[in-house]
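# Observations on the three-dimensional arrangement
Spelled out from the first residue to the last, the chains are:
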Amino acid sequence: VLARPVASFALAVTLVAGAPAWLGSSSTRAQIATAPSGDGNAPTRASGPPRAPRIASYSIDATLDHAARTITGSQVVTWTNATAKAADTLRFHLYYNAWRDANSTWMRERSLSRTPPPHMREEDRGWIEVTSIQLVTDPANPRDLTKRLRFISPDDDNPDDRTVAEIPLEAPVAPGATIEVRMSWTSRVPRPFARTGAVGSYYFIAHWFPKIGVLEDGGWNCHQFHASTEFFSDFGSYDVRLTLPRGWIAGATGVERERQDQPDGTTRHRYVQADVHDFTWTASPDYLVRTETFVHPTLPPVAMRLLLQPEHAGQEARHFESTRAALRYYGEWFGAYPYGHITIVDPAWQSGAGGMEYPTIFTAGTRWLAPARSAEPEAVTVHEAGHQFWHGIVASNEFEHAWLDEGLNTFSESRVLDVSFGDDRLVMRYFGGFVPWVLDDFRLTRRAESYSAAAYRHAIGRGGDTPSLPSWQYSPRTAVATTYHRTALWLHTLEKMLGWETLQRILSTYFQRWSYRHPKPEDFFAIANEVSGRDLTWFFDHVHRRSHDFDYGIETFRTNRREGPAGSGAMYRSTVVVRRYGEGTFPVAVKLTLDNGEDVRWDWDGRERWKLFEIDKPTRARRVEVDPDRVLMLDVHRTNNSAAIEPDGPRAARRWSLVWLIWLQDQLLTYGGFV
Amino acid sequence: MTAAGAFRDGVRRVNGAPIVLIGLFTTTLIVALPLSIVLRGMIDAHLGSSAVASTFAENANYDWWDEFSVQASGLGTTFTPSVIGFAAVLDNTSRLLDNEPLAATVAGATAAWLTIVSFLSGGIIDRYARRRPTRAHGFFAACGTHFWRFLRLGVVAALVYGWLFGAFHGWLFGAYESYTRNITVERTAFVGRAAAYAIFAFVLAVFTVIFDFARVRVVVEDRRSAIGALAASGRFVWRHAARVAGLCLLNAAALLLLMAVYAALSPGAPRSDMEVWLVLAVGQAYIFGRHYLKLLVYASETSLFQGVLAHAAYSAAPVLLWPDSPAVETMTNVEPTTAR
């Protein structure tokens, strides 16, 4: 770890003796995690008895200067050392410094991805500067520690990265002790590089304040900001006062408790929310505000507030129905949404803020021209609303185990879309992406069979990372495929192996048991074994602890006439060789179909490189297929999974080449205007 | 002569030479068909003996298609869902206006086709200018006579189009990007992009029309100098801008109408043998229509030029034989009383 002292900053910290009643005197994070989570059935519940361990709570005053595009803020962080060891330093995330220049770790990693960041103009940059840090041991005489602040790069030693700041303390914070830190800061709001920032008068502001890391028994878990991973923080309470231009519509984590117009032409909004691990807000003069309520016979009601772009007026129902579907099915399958309110933000065009989740607020995303038969905005809305459960409530470490949130959520989303909205159609976009065209010929069933498989297929050619690696170490080029799609595909496989009822019990047990507790992969695997009553270690070894890809195929298939025993008539010997082309192994079935419609099935453990199957029947074989029920969803090379004695390839090729011929002729004529 | 009159006369001239239409259509088919056969081999090879082929033969199979695209190279990369039905038209038009590069194989085929059509256009314009059958030997002799002039014209055209697509397009759409950089309303940005398309299409049309009339003047006036023809064409377009613009709009409207009809009638992916033939029939009818409109541009521009230019009956009489140019034929046949 490279530590770089910075002279121009000051800090002061106050030790607050004692620990909350639920904490205990020698608590560890594991013990804290067993704290009861409260009832939580009240709609628009923003405070009350703790349902989560309130380790890091914030009281923030912030003022937006729209003309200068800056935010000036001050905050009081009340933090509890929930580990068994004393803390002699504090670490804070300063995410906005990822866009200070092109040398940050985020920018360097992003430049390696398939979608490198656009050229960073001077006016696009963002940064956050902590101007004062005080430890308040005596309110009348706070200890200024600003000059102790230094930037560190615990992950990659990048000397130019300023997204993590460390403050050495004069006296360690004892286990169970609570301190109060006062900080002042100024930040420049960037043009959105990663779903936070401003375009025009549209602001979506996330990861915007100095945020304390997570102290674990092994030390600080406070990673730098990486291009392919998201966030991790402790639960707490937020009381935030935002001063914004008057007349602007605001939305934020929590509920708005007060709104006061100020003499200087601004308005002060106060938002409060307990038992969340982050606070995000948005403001714009252009939003349309729509509200509806989610009502369910067994789930608590939820007030839904939609902040809609005026050009999307008419798409209200699609946003509400999608959110309603997520709240319903996630609630029925996994557990109730406890907060009683949720804010859906329809982001402005090219704000780069779409498709992101934050506690009790999320961004969806749609287009001006959004065909009814497409899954836009339904898919992204269900996905982000669903994150309220896996990201917002279970809250695993997304720096290290991003798949626990994104993978589970991608799988869950696909099931909700399947039961709520049915098949999608493929939509192509032309003319700079503005003009959609629906291809009705493509009915995309359960999304993992289409988008997840397709996305994963494109990525594994480049060699996916081992999923058990810390997510921030994934290649920026394949991180999404590994995190989202590989996980979703093996969850679909698990569903087919165990049945939905069992998988649903696994997921609901995981949700109920680990809500507000930051589980790790082994916690999920243990529950899967426990609930299924089977040792699934072999499965998780293959899909999670190794980067192997899976590919079974038919290598040889023939059926030959041979003379049977005297008087028995002609017999046909059908020969099948199934080969394992990939490194991953999985038990597979092989189905042989005869000319008379009879099926013959064999089971193979799939471990050897190849396996011979032979059978004598009085009827010729017609086709053979390995994994005919498509259990092994990670086998995305499906063409070689089957073979036919009389293949239809030439007929299919002829048909489609004739379709393509028309495209080519049109292409020639399109350029034909030049002669 | 009015633009509408030239358009109507162009229709008559195209209708009067169906062999030219069939010949051009066949030429395009001959260029495209070998590539289609190559692609058929690629699809067949990828499907192999797989039973997936039977489902793909019956309907679009996204899973297989995506798997194919992952391993595809060269020509195979062009086999995307955009080839189906009217999406093909959107795809090709969009690629042109967005200046997206073509796959190398398709670019080669396009260059070959443009060269062939450039060769044929001398005979085509000559045929429309004379308004009488020129027979094969006359047609191809005209092609040969004018080809080298057209080739010189083509060099200039290539430089101009290279500048249009290489520099002007980049500048124009760069300006669009700058203009819309802080716009947060997609509808507004779309209007901006549509305006950029309109500007680009207008500039493209202006230069294309100048090159078109240069070809017409090379043929009708038997001009040897491509540069001279280009200058003369520029003067003609400038002096008769309203009529030329009107004719362009009529031709563009006819193209849009044809596209709209195809959008409405295009059956999408074939699901049965019968549907394959339906897709092919409707598709080829559309392609035939595109050829008709392509020739209509030649014919109507020739008609406008001949109708507007201040020469008496500036077209060939039907009795004389090639190789005299249309102008020579006209002068030979002209009667003193009709001379102006």
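Residues numbered from 1 in each chain as written. Chains lettered and ligands numbered in written order. Predicted model: local features only at pLDDT ≥ 70, side-chain atom pairs only at ≥ 80, totals over all residues. Heavy atoms only, no water.

### What to know about the overall build of chain B
Selection rule: Numbering of helices and strands runs from the N terminus; a helix is a DSSP stretch of H or I covering at least four residues, while a strand is a stretch of E covering at least two. The classification of residues rests on relative accessible area computed with a 1.4 Å probe and restricted to protein chains. Under 20% of the type maximum is buried, over 50% is exposed, and intermediate values are partly exposed. Here, residues are in contact when the closest pair of their heavy atoms is within 4.5 Å.
Each helix and strand in chain B was counted, giving 12 helices and 0 strands. Each helix and strand of chain B, ordered N terminal to C terminal, gives the series α-α-α-α-α-α-α-α-α-α-α-α. Taking the principal axes of the C-alpha coordinates as reference, chain B spans close to 75 × 50 × 35 Å. In chain B, which comprises 340 residues, the share counted as buried stands at 53%. Across chain B, the fraction of contacts at a sequence separation of at least 24, relative to all contacts at a separation of at least 6, is 74%.

### What about the packing of helix α4 (residues 378–394) of chain A against helix α5 (residues 402–421) of chain A?
The angle between the axes and the distance between the axes are what describe a pair of packed helices. Residues and elements named next belong to chain A. This is how the line gets drawn: The axes are straight lines fitted to the C-alpha atoms, using for helices just the contacting stretch, and the angles between their N-to-C directions are given from 0 to 180°. These descriptions rest on fixed angle ranges, namely under 35 degrees for roughly parallel, over 145 for roughly antiparallel, 65 to 115 for roughly perpendicular, and the rest for oblique. For any helix crossing, the convention is left-handed if the near helix is rotated counterclockwise from the far helix by under a right angle, and right-handed if that rotation is clockwise. In the scheme used here, Gly and all other residues not listed as nonpolar or charged are polar, with Ala, Val, Leu, Ile, Met, Phe, Trp, Tyr, Cys and Pro taken as nonpolar and Asp, Glu, Lys and Arg as charged.
Running from N to C, α4 and α5 point in directions that differ by 130°, and their axes come no closer than 8 Å. Compared by their axis directions, α4 and α5 come out oblique. In terms of crossing hand, the pair formed by α4 and α5 is right-handed. Here α4 contributes E378, A379, V382, H383, G386, H387, W390 and H391 to the contact with α5, which in turn contributes D405, E406, L408, N409, T410, S412, E413, V416, L417 and F421. A breakdown of the residues in the contact of α4 with α5 according to their chemical character gives 7 nonpolar, 7 polar and 4 charged.

### Notes on the packing of aromatic side chains
Spelled out, the test is: Two rings from Phe, Tyr or Trp (for Trp, the six-membered ring) form a pair when their centres are within 6.5 Å of each other. A pair whose planes differ by under 30 degrees is stacked, one over 60 is edge-to-face, and the rest are tilted. Any Lys NZ or Arg CZ that is within 6 Å of a ring centre and within 35 degrees of that ring's normal is treated as a charge sitting over the ring.
For the structure on display, the rule yields 85 aromatic pairs over all chains. Above the face of the A:W514 ring, A:R517 is positioned so that its terminal group lies 4.1 Å from the ring centre.

### Observations regarding the sheet that holds strand β32 (residues 610–617) of chain A
Residue and element names in this part refer to chain A. Note the following rule: DSSP-based pairing: two strands are paired if at least 2 bridges between them are found.
Across the sheet, 3 strands lie side by side as β28-β29-β32; this open sheet has antiparallel pairing. Of all the strands in the sheet, the pair left with one neighbour each is β28 (552–563) and β32. The mean inter-strand angle of the sheet, taken between neighbouring strand axes irrespective of direction, is 15°. Here 8 bridges tie strand β29 (residues 570–580) to β32, and the two strands are oriented antiparallel to one another. Paired with Y572 across the two strands is K617, which belongs to β32.

### Re a nonpolar patch on the surface
Residues and elements named next belong to chain B. The cut-off we apply is this: Like-charged residues are merged into a patch within 9 Å and nonpolar side chains (Val, Leu, Ile, Met, Phe, Trp, Tyr) within 5 Å, provided each residue has over 30% relative accessible area and no salt bridge. Using the Shrake-Rupley algorithm and a 1.4 Å probe, accessible areas are obtained, with residue cover drawn only from the displayed protein chains. For this document, the term salt bridge refers to a Lys or Arg side-chain nitrogen within 4 Å of an Asp or Glu carboxyl oxygen.
Together, I19, I22 and F288 line one region of the surface with nonpolar side chains, adding up to about 290 Å² of accessible area. Within the element layout of this structure, I19 appears in helix α2 (residues 18–47). Residue I19 is classed as exposed on the basis of its relative accessible area, which comes to 67%.

### Quick word on the pairing of strand β30 (residues 588–594) of chain A
In summary, the side chains of a regular strand alternate between the two faces of the sheet. Residue and element names in this part refer to chain A. Taken across its 7 residues, β30 has 6 buried, putting it largely inside the fold. Here 6 bridges tie β30 to strand β31 (residues 599–604), and the two strands are oriented antiparallel to one another. Residue pairing across strands places T593 opposite D599, the latter belonging to β31. The turn joining β30 and β31, which pair antiparallel and follow one another in sequence, is formed by 4 residues; a positive phi near 90° is taken by G597. With 5 bridges connecting them, β30 and strand β33 (residues 621–626) associate as antiparallel partners. By the bridge assignment, T593 is partnered in β33 with R623.

### A short note on the packing of α5(A) against helix α7 (residues 479–498) of chain A
Residues and elements named next belong to chain A. At their nearest, the axes of α5 and α7 sit 8 Å apart, and the two run at 60° to each other. One way to sum up the angle between α5 and α7 is to call them oblique. Along this stretch, α5 crosses α7, giving a crossing that reads as right-handed. Only T483, Y484, T487, A488, W490, L491, H492 and E495 of α7 make contact with α5, whose side of the interface consists of A402, W403, E406, G407, L408, T410, F411, S414 and R415. Residues belonging to the contact of α5 with α7 are distributed by class as follows: 8 nonpolar, 6 polar and 3 charged.

### Quick word on the interface of chain B and chain A
This is how the line gets drawn: When two parts are put together, the accessible area they lose, computed with a 1.4 Å probe and summed over both, is reported as buried area. A 3.5 Å cut-off defines polar contacts: any pair of N or O atoms within that distance qualifies, except that in protein one atom must be a possible hydrogen donor and the other a possible acceptor, and neighbouring residues in sequence count only when both atoms are side-chain atoms.
Contacts between the two partners involve 100 residues from chain B and, on the opposite side, 70 residues from chain A. When the two sides are added together, the surface that chain B and chain A hide from each other amounts to roughly 8000 Å², 64% of it contributed by carbon and sulfur. When the buried area of chain B at its contact with chain A is split by residue, B:Y62, B:R181 and B:E186 rank highest and sum to 11% of it. At the boundary of chain B and chain A, one finds 10 salt bridges. Notably, a salt bridge pairs A:D666 with B:R290, separated by 2.8 Å at the nearest N-O pair. Counting every contact that joins chain B to chain A gives 45 residue pairs in polar contact (both at pLDDT 80 or more). Looking at the side of chain B that touches chain A, the elements with two or more residues in it are α2, α3 (52–58), α4 (62–71), α5 (87–97), α6 (104–130), α7 (135–180), α8 (186–220) and α11 (273–308) of chain B.

### A look at α4(A)
Residue and element names in this part refer to chain A. Note the following rule: Residue count minus one, scaled by 1.5 Å, sets the expected span of a helix. To get the bend at a given residue, fit one axis to the seven residues ending there, fit another to the seven starting there, and take the angle between those axes.
Between its terminal C-alpha atoms α4 stretches 23 Å, which fits the 24 Å expected from 17 residues at 1.5 Å a residue. The largest bend in α4 comes to about 35°, at H387. With 16 of its 17 residues buried, α4 lies for the most part within the structure. Positive phi appears at A395, one or two residues downstream of α4, with a value of about 60°.

### Brief notes about the confidence of the model for chain A
Detailed reading of the predicted model is not advised wherever pLDDT is low. The line we're drawing: By definition, pLDDT measures how confident the predictor is in each residue, and it falls between 0 and 100.
The share of residues in chain A with pLDDT of 70 or more is 92%, and the mean pLDDT across the chain is 91. Low pLDDT, under 50, characterises residues 1–42 of chain A; the stretch is placed with 145 contacts to residues that sit more than four places away or in other chains.

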